[in-house]
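Residue-level structural notes
As a plain string of letters, each chain reads:
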Amino acid sequence: MNECPYTLLPATPIVTPLGVGASYTPTYTPMGVLRVVPSSEMMEVAPSQAAGPRQYAPPLTESCVASENLSKQPTMVAAAHATVVTRALPYGGPVQLLSLAIEQHNALTSRRTEKQILLFQPVSLKEFIVLLDHIKHYHRILKLDYNCLSELLVVKVMPGWDHEYTIALFRKAINKQLAAMYLDDEYLTLASPLMALHDGSKEPDTCWIPTSSPRRPTCVVEVGTSESQARLATDARRWLESSNFGIQTVITVCFKYLQAETDESPLTVSIWSLLHQQYNMTTRNPYLRVKQTATLNIYRKNGSLSVSGSQLDPLTLVETETDKIYIPLKSLIGRPPVNPGERDVILTKEAVLKIFEQLLQSRLEL
């Protein structure tokens, strides 16, 4: 299973001068709308729930190595071993960022590139606030991930229909099962709200929010129609370790949209969670570790499509083969199954194959 080695330190108050004779500290409302309050009003930021050693990625780069954990069983899906290193660009203001992002968007929609990620560093908090106002009309093609500690801004450029179809089909598959359990009134599905993290803010591709706890998402989805699984692993870890909302599950979907009709492994769906892994020798409390707990992978063999998968036992951390993945009901509606007919949401290999076939069909119309 994949595990990104880099994590981020819990946020500490950062004092930013925004006026003569006054210092301010950035805070965020529950849905990630920035506001600025005097430092004297700033409350201590709670540390991340994820324990264990933490370290920064190297400066001016974003690096994440997805480790490969090969199973002894020949049919088990092994996580791809990949390294993603992207050099950050100097930030030259909103006009420069939008120019580069629109150029990248045009290249993505015409399928001349598969690169979605643009990095900018350093970007101060004040510059980030100004940027939010300038890009509000480009929300459909840009998603932001800002770390106020490292001043690193990650811009995810949306490639158009492939990305939107992927999100819509997986959201439909999950919500259809919730509707069959008569749970429509217990959740909301939002597109991409800007949400506060301990160390900045980030936008998901879609998320579920229980109506019992408004504005507190518990499950998010990240779709990479050209991103590697290593990049998506970074996203999953950031959501689970740095969230202020208690996010329980991250679903990542890697869709190789440039060569979807010919790629040997065109679609991979993974579930990520925080698991108790080992005990702290001092406090005797278990560490929480981000783990890829299940995955389904579509692959081509002898000209036909097949699906293989693996799941991780949360207690023994032993991998076994599977042809379905489970999404905990609690992570979607805020409570476990208690009534007759209620259960965790299941994505079977047949359901994932159907989604992939629908994606291929949608591409014929372009």
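Criteria and cut-off values
Residues numbered from 1 in each chain as written. Predicted model: local features only at pLDDT ≥ 70, side-chain atom pairs only at ≥ 80, totals over all residues. Heavy atoms only, no water. Helix = DSSP H or I, 4+ residues; strand = E, 2+ residues; numbered from the N terminus. Buried < 20%, exposed > 50% of the residue type's maximum accessible area, 1.4 Å probe, protein only. Core = buried A, V, L, I, M, F, W, Y, C linked by side-chain atoms within 4.5 Å. Contact = heavy atoms within 4.5 Å. Pairing = 2+ DSSP bridges. Axes fitted to C-alpha atoms, helices over the stretch in contact; angles between N-to-C directions. pLDDT = per-residue confidence, 0-100. Expected span 1.5 Å × (residues − 1). Salt bridge = Lys/Arg side-chain N within 4 Å of Asp/Glu carboxyl O. Left-handed = near helix turned anticlockwise from the far one by under 90°. Nonpolar A, V, L, I, M, F, W, Y, C, P; charged D, E, K, R; others polar.

Section: the overall build of the protein
Looking only at helices and strands, one finds six helices and 20 strands in the protein. Per-residue burial over the protein gives 51% buried out of 366 residues.

Observations concerning the nonpolar core
Formed by 58 residues in total, the largest nonpolar core has its most connected members in Leu153, Val155, Leu178, Ile251 and Leu332. Excluding its chain neighbours within four sequence positions, the residues that come into contact with leucine 332 are Ile174, Leu178, Tyr187, Trp208, Ile209, Pro210, Thr218, Cys219, Ile327 and Val345. The next biggest cluster of nonpolar side chains, apart from the first, holds 16 residues, and it includes Val220, Phe245, Trp272 and Leu288.

Digging into the sheet that holds strand E6 (residues 117-120)
Strand pairing in a sheet takes place through backbone hydrogen bonds and is either antiparallel or parallel in direction. Reading across from one edge, E6-E8-E7-E11-E10 is the order of the five strands in this open sheet, with antiparallel pairing throughout. Two strands lie at the open edges of the sheet, namely E6 and strand E10 (195-197), each paired on one side alone. Neighbour to neighbour, the strand axes of the sheet diverge by 25° on average, direction disregarded. Sheet topology places E10 next to strand E11 (residues 200-202); three bridges connect them, and they run antiparallel. If you follow methionine 195 over to E11, its bridge partner there is lysine 202. Sitting on the sheet, helix H2 (residues 125-134) is in contact with strand E7 (142-147), strand E8 (152-157) and E11, with an inclination near 165° to E7.

What to know about the confidence of the model for the protein
Averaged over the protein, the pLDDT score is 76; the fraction of residues at 70 or greater is 72%. In the predicted structure, residues 1-84 sits below a pLDDT of 50 and forms 202 contacts with residues beyond four places in sequence or in another chain.

Here's the deal with the pairing of strand E19 (residues 324-327)
Residue alternation in E19 divides its side chains into a buried set, Ile325 and Ile327, and an unburied set, Lys324 and Tyr326. Relative to strand E20 (residues 345-348), E19 runs antiparallel, the two sharing four bridges. Looking across to E20, one finds that lysine 324 is bridged to threonine 348.

Looking at unusual backbone geometry
The residue after glutamine 121, namely proline 122, is reached through a cis peptide bond having omega 0°. Within the fold, proline 122 resides in the loop between E6 and H2. Phi at arginine 215 takes a positive value of approximately 65°, unusual for a residue other than glycine. Tracing the backbone through its elements, the reader meets arginine 215 in the loop between strand E12 (206-210) and strand E13 (219-224).

Observations regarding helix H6 (residues 349-363)
Between the first and last C-alpha of H6 there are 21 Å, a value that for 15 residues agrees with the 21 Å anticipated at 1.5 Å per step. The set of residues buried in H6 consists of Val352, Leu353, Ile355, Phe356, Leu359, Leu360, Ser362 and Arg363.

Some thoughts on the pattern of salt bridges
Scanning all chains against the criterion turns up 18 salt bridges. Note that arginine 363 is salt-bridged to aspartate 162, the shortest N-O span being 3.0 Å. Within this pair, whereas arginine 363 is found in helix H6, its partner aspartate 162 is found in helix H3 (residues 161-180), the two being separated by 201 residues in sequence. Take aspartate 162: its relative accessible area is 5%, and that puts it in the buried class. The partner of arginine 231 in a salt bridge is aspartate 235, and the shortest N-O contact between them spans 2.3 Å. With arginine 231 and aspartate 235 both in helix H4 (residues 229-242) and four residues apart, the pair spans about one turn of that helix. On the basis of relative accessibility, which here comes to 5%, the residue arginine 231 falls in the buried class. One connected set of salt bridges, linked through shared partners, spans Lys143, Asp145, Lys156, Asp199, Lys202, Asp205, Glu222, Arg231, Asp235 and Arg238.

Considerations on the packing of H3 against H6
Between H3 and H6, the least distance of the axes is 10 Å, while the angle of their chain directions is 145°. Of the two possible hands of crossing, H3 and H6 adopt the one that is right-handed. Taken together, the residues of H6 that come into contact with H3 (itself represented by Asp162, Tyr165, Thr166, Leu169, Phe170 and Ala173) are Ile355, Gln358, Leu359, Ser362 and Arg363. Per-class residue counts for the contact of H3 with H6 are six nonpolar, three polar and two charged.

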